[in-house]
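Residue strings, one per chain:
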Amino acid sequence: MTTKPASLIPHGLSAIVIKNTCSGFVSTDGIINSVKAEIRQKYGFKALGDGAYSIVYAHPDHKNKVIKLTLSRTDGYHQYIEWIELAKNFLPKSYQRHLPKIFETKKLRRGGRITVLERLSPSKDWCGNNPHYNSISEIVKEAGHQYRLCFDLNMFNSMARRSKSNGQRKDIQVITDPWCESF
């Protein structure tokens, strides 16, 4: 008998996301601020950033992970996460390294999502000088079109994975959230 590994998603967080999930932008109607206040009061989590649809928190138990709360059921991030899970089966490793590492994801009732993924750093070179990064960007763009989503890759939706090669720091560009709903 195998035991199921413990969830990386803190208990009770799903209820907050379900209660606050909506359609469209969540940044413009005060939802993000109320969710941040509730999570700060209940958990004391440190918010690292937010956008039109989501909030990202430092994981309280794993310094190399973050928790992303997607509060909109219409955000393209849902499809992106599902596409990444499929892409692991067919993309070469040289391309996969430009996709975020997902440790756990849970799509919730009413359409919200909680995703635990690797902690990345702000990118200094979001355009990418790497031919594999440029190629995977095109693949991601085409895949998004298949889902009828807008391609939204910019400096806010690309981050860096810090690594060292031969003792020197080398940043690897990672496409974090390239699709948004069609307008």
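Cut-offs used in this document
Residues numbered from 1 in each chain as written. Predicted model: local features only at pLDDT ≥ 70, side-chain atom pairs only at ≥ 80, totals over all residues. Heavy atoms only, no water. Pairing = 2+ DSSP bridges. Helix = DSSP H or I, 4+ residues; strand = E, 2+ residues; numbered from the N terminus. Contact = heavy atoms within 4.5 Å. Axes fitted to C-alpha atoms, helices over the stretch in contact; angles between N-to-C directions. Parallel < 35°, antiparallel > 145°, perpendicular 65-115°, else oblique. Left-handed = near helix turned anticlockwise from the far one by under 90°. Polar contact = N/O pair within 3.5 Å; in protein donor to acceptor, adjacent residues only side chain to side chain. Phe/Tyr/Trp six-rings, centres within 6.5 Å; stacked < 30°, edge-to-face > 60°. Buried < 20%, exposed > 50% of the residue type's maximum accessible area, 1.4 Å probe, protein only. Lys NZ or Arg CZ within 6 Å of the ring centre and 35° of its normal.

A. Representation of the sheet that holds strand 8 (residues 158-165) within the structure. Ordered in space as 6-8-9, the three strands form an open sheet in which the pairing is antiparallel. Two strands close off the open sheet at either side, each with one partner strand: strand 6 (121-122) and strand 9 (168-175). Sheet contacts for helix 5 (residues 131-146): strand 8 and strand 9; angle to strand 9, the most-contacted strand, approximately 15°.

B. Summary view of the packing of helix 1 (residues 13-20) against helix 2 (residues 31-42). Interhelical geometry of helix 1 versus helix 2 gives an angle of 160° and a closest axis separation of 11 Å. The angle between helix 1 and helix 2 places the two elements in the roughly antiparallel class. In this structure, helix 1 meets helix 2 at a crossing whose hand is right-handed. Of the residues in helix 2, those touching helix 1 at L13, I16, K19 and N20 are I31, S34, V35, E38, I39 and K42.

C. Representation of the side chain of H78. By the secondary structure assignment, H78 is in helix 3 (residues 77-87). Polar side-chain contacts of H78 include one of 2.9 Å to the backbone oxygen of S72. Polar side-chain contacts of H78 include one of 3.0 Å to the side chain of R113.

D. Focus on the packing of aromatic side chains. If you walk through the whole model with that rule in mind, you get seven aromatic pairs. Ring geometry for Y80 against W83: centres 6.3 Å apart, planes inclined by 15°, an arrangement best described as stacked. Here Y80 and its partner W83 are both found in helix 3, three residues apart, which amounts to about one turn of the helix. Across the pair, W83 and Y80 agree in class, each one buried. If you follow K65 out to its NZ or CZ, it ends over the ring of F103, 4.2 Å from the centre. The ring of Y77 is capped by K68, whose NZ or CZ atom sits 3.6 Å from the centre of that ring.

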